[in-house]
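The lines below spell out each chain.
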Amino acid sequence: MRKKISILGSTGSIGRQALEVVERLGDRFEIISLTAGGNIDLLNEQIAKFKPKSVCVSANSDKIIGCKHILSGMSGLEEICSNTENDIILVAVSGQIGLKPTITAIKNHINVALANKETLVMAGDIVMKLAKENGVKIIPVDSEHCAIHQCIKDISQVSKLIITASGGPFLNKTIDDIKSAPVEDALAHPRWNMGKKITVDSATLMNKGLEVIEAHHLFGMPYENIEVVIHPQSIVHSAIEYIDGSVIAQLGLPSMHIPIQYAICYPERFEGIKSKSFSFSDIARLDFSSPDYERFGFLNLAYSAGKTGGSAPAAMNVADEEAVFAFLDGKINLFEIYQITEKIYSSHIPIKNPSIDEIFEVDKEIREKTKELINRGCECLSI
Ligand code: NDP
Ligand code: MG
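Before going further, it helps to spend a moment on the overall build of the protein chain. Broken down by element type, the protein chain carries 15 helices and eleven strands. At 20 Å, the protein chain has a C-alpha radius of gyration in line with the 21 Å of a compact globule built from 383 residues. Summarising its shape, the C-alpha atoms of the protein chain cover approximately 55 × 50 × 40 Å along the three principal directions. Across the 383 residues that make up the protein chain, the buried fraction comes to 55%. With an accessible surface of roughly 16,900 Å², the protein chain has 48% of that area assigned to carbon and sulfur atoms. Looking at the protein chain, you have 39 positive and 48 negative side-chain charges, and the mean spots of the two groups are 4 Å apart.

Looking now at the site of ligand 1. Contacts to ligand 1 come from 24 residues, most closely from Thr11, Ser13, Gly37, Glu118 and Gly195. Contact between ligand 1 and Gly9: an oxygen atom at 3.3 Å from a main-chain N or O atom of the residue. Between an oxygen atom of ligand 1 and a main-chain N or O atom of Ser13, the distance comes to 2.9 Å. Of all elements in the fold, only helix 1 (13–24) and helix 5 (117–133) reach the threshold of two or more residues within the shell around ligand 1. Its residues assigned to classes, the shell around ligand 1 comprises nine nonpolar, twelve polar and three charged.

Our next topic: helix 9 (residues 196–204). Where burial is concerned, most of helix 9 is hidden: seven out of the nine residues are buried. The complete set of buried residues in helix 9 reads Lys197, Thr199, Val200, Asp201, Ser202, Ala203 and Thr204. Close packing links the buried residues of helix 9 with helix 5, helix 8 (183–187), helix 10 (206–219), helix 12 (298–308), helix 13 (312–328) and helix 14 (334–347).

What the seven strands build is an open sheet, ordered 4-3-2-1-5-6-7; its pairing is parallel. Two strands in the sheet have a free side with no partner beyond their single neighbour: strand 4 (69–72) and strand 7 (138–140). Direction aside, the axes of adjacent strands within the sheet are offset by 25° on average. Strand direction decides the pairing type here: strand 2 (residues 29–35) and strand 3 (residues 54–57), joined by three bridges, are parallel. Each bridged residue has a counterpart across the sheet, and for Thr35 the counterpart in strand 3 is Cys56.

So, about helix 1. With twelve residues, helix 1 should cover 16 Å at 1.5 Å per step; its first-to-last C-alpha distance of 17 Å lies within 8% of that length. Those residues of helix 1 that fall on the buried side of the exposure criterion are Ser13, Ile14, Gly15, Gln17, Ala18, Leu19, Val21 and Val22.

A few words now on the coordination of the magnesium ion (ligand 2). The magnesium ion (ligand 2) binds to the protein through Asp142 (OD), Glu144 (OE) and Glu211 (OE); the donor distances cover 2.1 to 2.2 Å. Here the donor residues for the magnesium ion (ligand 2) map to a single chain with the spacing D-x1-E-x66-E. With a gap of 67 residues between them, Glu144 in helix 6 (residues 143–151) and Glu211 in helix 10 connect regions that are remote in the sequence. Each member of the pair Glu144 and Glu211 is classed as buried.

A few words on the packing of helix 12 against helix 14. Where helix 12 meets helix 14, the closest approach of the two axes is 11 Å, and the angle between their N-to-C directions is 25°. Comparing the axis directions of helix 12 and helix 14 gives the class roughly parallel. At the point where helix 12 passes helix 14, the crossing takes the left-handed sense. Packed against helix 12, whose contacting residues are Phe298, Leu301, Ser304, Ala305 and Thr308, the element helix 14 presents Ile337, Tyr338, Thr341, Glu342 and Tyr345 at the interface.

On to the packing of helix 5 against helix 10. Two numbers describe how helix 5 lies on helix 10: the axes approach to 9 Å, and their chain directions differ by 20°. Comparing their axes, helix 10 and helix 5 come out roughly parallel. In the crossing of helix 5 with helix 10, the sense of the turn from one axis to the other is left-handed. Where helix 5 approaches helix 10, its residues Lys117, Leu120, Val121, Gly124, Asp125 and Met128 are matched on the opposing element by Asn207, Leu210, Glu211, Ile213, Glu214, His217 and Leu218. Partitioning the contact of helix 5 with helix 10 into residue classes produces six nonpolar, three polar and four charged.

Quick notes on the rules
Residues numbered from 1 in each chain as written. Chains lettered and ligands numbered in written order. Predicted model: local features only at pLDDT ≥ 70, side-chain atom pairs only at ≥ 80, totals over all residues. Heavy atoms only, no water. Helix = DSSP H or I, 4+ residues; strand = E, 2+ residues; numbered from the N terminus. Rg over C-alpha atoms; globule rule 2.2 N^0.38 Å. Buried < 20%, exposed > 50% of the residue type's maximum accessible area, 1.4 Å probe, protein only. Areas by Shrake-Rupley, 256 points an atom, 1.4 Å probe, with all protein chains shown as cover. Lys, Arg positive; Asp, Glu negative; His and termini not counted. Charge placed at Lys NZ, Arg CZ, Asp CG, Glu CD. Near = heavy atom within 4 Å. Polar contact = N/O pair within 3.5 Å; in protein donor to acceptor, adjacent residues only side chain to side chain. Nonpolar A, V, L, I, M, F, W, Y, C, P; charged D, E, K, R; others polar. Contact = heavy atoms within 4.5 Å. Pairing = 2+ DSSP bridges. Axes fitted to C-alpha atoms, helices over the stretch in contact; angles between N-to-C directions. Expected span 1.5 Å × (residues − 1). Donors = N, O, S within 2.8 Å, 3.2 Å for Na, K, Ca; no water. Parallel < 35°, antiparallel > 145°, perpendicular 65-115°, else oblique. Left-handed = near helix turned anticlockwise from the far one by under 90°.

Written out as structure tokens, the structure is:
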């Protein structure tokens, strides 16, 4: 039987690769819905190829060709996620936009392949509780979490999660190099080809911080038992340690096709887009080291936000998001992303056990505050 899937964010880096997987797997999948932000040309190409029953775009457009059921905005995303014809929904939009549709899918008992890490960073407690109550599987797409998911047999016997980080393009650079880095350098990730926001977050190691919070929620692991290890070759995608000290790691050549394919096919596994065969003897060496928490302050900040809980991770996440946009617009330098986020985050008084509405209020308020700080020229920062 064909597995019915909708892809939120089909025009993005994850979405495009997901469609390559679907195409390779031929008859195994049927596309129910696709969604895009503003890239209508690419969406039209996808409609012609995959013939979705409905599509959604961020704002109404009369340029969509080949699909009669056209939706828009958040209500459109939620309508797609309410369609119980779906066996699984891949949430691959970027930013806070992923949270509400994920919740809608869960409430409609539809399994979710989750790429959008912001969903768990903002509201991990609520989302995981809802998933449990509704018997819904949240299958991670992020390569580190996919690796951990593949290693775990019984979570109650796992004592530690070990999340690897390539270290990004500034791994061996000084703070001065980081301050003067042009946008192109921050976007030139040595291992992964991703959307701009996550690529910049990888350069500051914020991405790894978000992944620590994501791992905490996905696997219910205390922060004290989640370790980040720098591994520049990105061959070991992550590992777990069992209570008896045994370590199980998942290895492979870096490719997002594999975790996407794993997540949307789960619990089955197909050859599909097969990774190039792995040879230990071709890999000359594998390096591991501890992260430099001083140069990459985001890691500490994320652990602190995660341990604080409540609305703290959401506040940190949105401040970073706005600061990343300002960096991409040439308004601030790369190091200021951290300084601005830290400043805004420390002024936030976290709400304990926030509702979804409260999380969105925090998101709105912090977004405004961050923009205001950036527009004031960040004169308050001592750089
Ligand atoms: P991209 O920026 O490449 O793609 C984002 C997608 O979201 C696009 O389809 C875009 O549409 C759509 N989108 C953006 N804004 C809106 C909006 N307001 N309304 C509706 N749709 C919108 O991001 P990535 O694919 O890199 O990342 C997606 C998510 O997956 C992120 O949360 C990221 O952290 C996570 N992730 C990504 C990885 C990667 O390798 N790329 C790895 C692990 C996790 P359009 O382009 O048409 O405007
Ligand atoms: Mg990752």
